[in-house]
Amino acid sequence: MILILLGAPGAGKGTQAQNLTKSRGLVQLSTGDMLRSAVANKTEVGLRAKTAMDAGELVSDEIVIAIIADRIEEDDCKKGFILDGFPRNVAQAEALDAMLAEKGMKLTGVVEIAVDDEALVSRITGRYTCAGCNAGFHDEFKKPQVDGVCDSCGGTEFIRRKDDNEETVVSRLKAYHDQTAPLLPYYKERGVLLKVDGMVGINDVTRQMNEALDNL
Ligand code: AMP
């Protein structure tokens, strides 16, 4: 199964992708996570991507397409994968179509997680992840069961993304509406677009997601 999760920043793509990795044994490919790791490790890609990421703008297509092309060659992607944060514009979607065609692979579906813009700022500014296992939490919507302890790995160190602040969110939302939203008609025309309501609780979104995928 090859899935794309589409939605504005803060819609819940990462959370739902993590759920699907557990329930369906798919690998989560998050270009945002890969780029953040490149920035932290000060690799050449990281140094090239950092300015755009800090400003909430998109990193160049050339960089992200190369990252995904390399990553899907790895063995763990053979059984299927979930793309979280890629493609982000039509040029990336066309590049993905070409990559999959070349490998004889087929896109199973694209799930749009639809959320109102007004809900996104509080979702983004309140979120944080476990430094050890990357599990996602939120100050209001998903607190750890034991305060300060990760539910998944027991870690006690948490991190907040540098770009999860109110100013950068505005640029990220603009990038989503200008460049990523045109992917909705792109995939609708191809008959692969599914939609779930992302305004409900995390478990309800997961339930809708599973129903949509089971009906594919
Ligand atoms: P995300 O974690 O998906 O919100 O991505 C964080 C940041 O990484 C974005 O604001 C972009 O600067 C960059 N980024 C992630 N994925 C892509 C992509 N497919 N194309 C361009 N930039 C990306």
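Up top you'll find the structure we're talking about.
Residues numbered from 1 in each chain as written. Predicted model: local features only at pLDDT ≥ 70, side-chain atom pairs only at ≥ 80, totals over all residues. Heavy atoms only, no water.

**Q** Sorry, what's going on with the overall build of the protein chain here?
**A** A tally of regular secondary structure across the protein chain gives 9 helices and 8 strands. Relative to the compact-globule value of 17 Å for 216 residues, the protein chain shows a C-alpha radius of gyration of 17 Å, a close match. Each principal axis of the C-alpha distribution contributes one length, and for the protein chain these read about 45 × 40 × 35 Å. Residues counted as buried form 44% of the 216 residues belonging to the protein chain. (Helix = DSSP H or I, 4+ residues; strand = E, 2+ residues; numbered from the N terminus. Rg over C-alpha atoms; globule rule 2.2 N^0.38 Å. Buried < 20%, exposed > 50% of the residue type's maximum accessible area, 1.4 Å probe, protein only.)

**Q** Just checking my understanding: could you explain the site of the ligand for this structure?
**A** As a structural note, the neighbourhood of the ligand is formed by 16 residues, with Thr-31, Arg-36, Glu-57, Gly-85 and Gln-92 the closest of them. At 2.9 Å from a nitrogen atom of the ligand is found a main-chain nitrogen or oxygen belonging to Gly-85. At 3.0 Å, a side-chain N or O of Gln-92 approaches a nitrogen atom of the ligand. Alone, the ligand offers 480 Å² of accessible surface; in the complex the protein occludes 96% of this. (Near = heavy atom within 4 Å. Polar contact = N/O pair within 3.5 Å; in protein donor to acceptor, adjacent residues only side chain to side chain. Areas by Shrake-Rupley, 256 points an atom, 1.4 Å probe, with all protein chains shown as cover.)

**Q** Even after reading the chapter, I still don't get the nonpolar core, so can you show me in this structure?
**A** Buried together is how nonpolar side chains tend to be arranged in soluble globular proteins. With 54 residues, the main nonpolar core has Phe-81 and Tyr-187 as its most contacted residues. With residues up to four places along the chain from it excluded, the contact list for Phe-81 reads Met-1, Ile-2, Leu-3, Leu-26, Val-27, Leu-29, Ile-72, Leu-100 and Met-105. Within the second largest apolar cluster, 5 residues are counted, among which are Cys-130, Ala-135, Phe-137 and Cys-150. (Core = buried A, V, L, I, M, F, W, Y, C linked by side-chain atoms within 4.5 Å. Contact = heavy atoms within 4.5 Å.)

**Q** Looking at this structure, I do not really get the sheet that holds strand E3 (residues 81-84). What am I missing?
**A** The strand order E2-E3-E1-E4-E8 describes an open sheet built from 5 strands, whose pairing is parallel. The sheet is open, and its two borders are formed by strand E2 (27-30) and strand E8 (193-197), each paired with just one other strand. For this sheet the average axis-to-axis angle between neighbouring strands, irrespective of direction, equals 25°. Alignment of strand E4 (residues 109-114) against E8, held across 5 bridges, turns out to be parallel. (Pairing = 2+ DSSP bridges. Axes fitted to C-alpha atoms, helices over the stretch in contact; angles between N-to-C directions.)

**Q** Mind showing me how you'd approach the layout of surface pockets here?
**A** Once rolled over the atoms, a probe with the size of a water molecule shows which space is left empty. Of the volumes computed, that of the second largest pocket is approximately 180 Å³. Surrounding the second largest pocket, 13 residues form its lining, Gln-18, Lys-22, Ala-135, Lys-142 and Ser-152 being those nearest its centre. Counting only elements with at least two residues in the lining of the second largest pocket, the list comes to helix H1 (13-24) and strand E6 (136-138). In terms of residue count, H1 provides more of the lining of the second largest pocket than any other element does, 4 residues in total. Each residue belonging to the lining of the second largest pocket can be placed in one class, and the counts come to 3 nonpolar, 7 polar and 3 charged. (1 Å grid on protein atoms, 1.4 Å probe; cavity = no way out; pocket = protein on both sides within 12 Å on 5 of 7 lines; lining within 4 Å. Points joined across faces, edges and corners; volume = space filled by probe spheres on them. Nonpolar A, V, L, I, M, F, W, Y, C, P; charged D, E, K, R; others polar.)

**Q** It is not clear to me how the packing of aromatic side chains should be interpreted in this structure. Could you clarify?
**A** Two aromatic rings are characterised by how far apart their centres lie and by the angle between their planes. Taken as a whole, this structure holds 4 aromatic pairs when the rule is applied. Ring centres of Tyr-128 and Phe-158 lie 5.5 Å apart, and the angle between their planes is 85°; on these two criteria the pair is classed as edge-to-face. Remark: Phe-158 occurs in strand E7 (residues 158-159) and Tyr-128 occurs in strand E5 (residues 127-130); sequence separation between them is 30 residues. With relative accessibility at 13%, the residue Tyr-128 sits in the buried group. Judged by centre distance (5.8 Å) and plane angle (85°), the ring pair of Phe-137 and Phe-158 falls under edge-to-face. Taken as a pair, Phe-137 in strand E6 and Phe-158 in strand E7 lie far apart in primary sequence, 21 residues in all. Assessed through its relative accessible area of 4%, Phe-137 is described here as buried. Each residue in the set Tyr-128, Phe-137 and Phe-158 is aromatic and connected to the rest through ring pairs, giving one cluster. (Phe/Tyr/Trp six-rings, centres within 6.5 Å; stacked < 30°, edge-to-face > 60°.)

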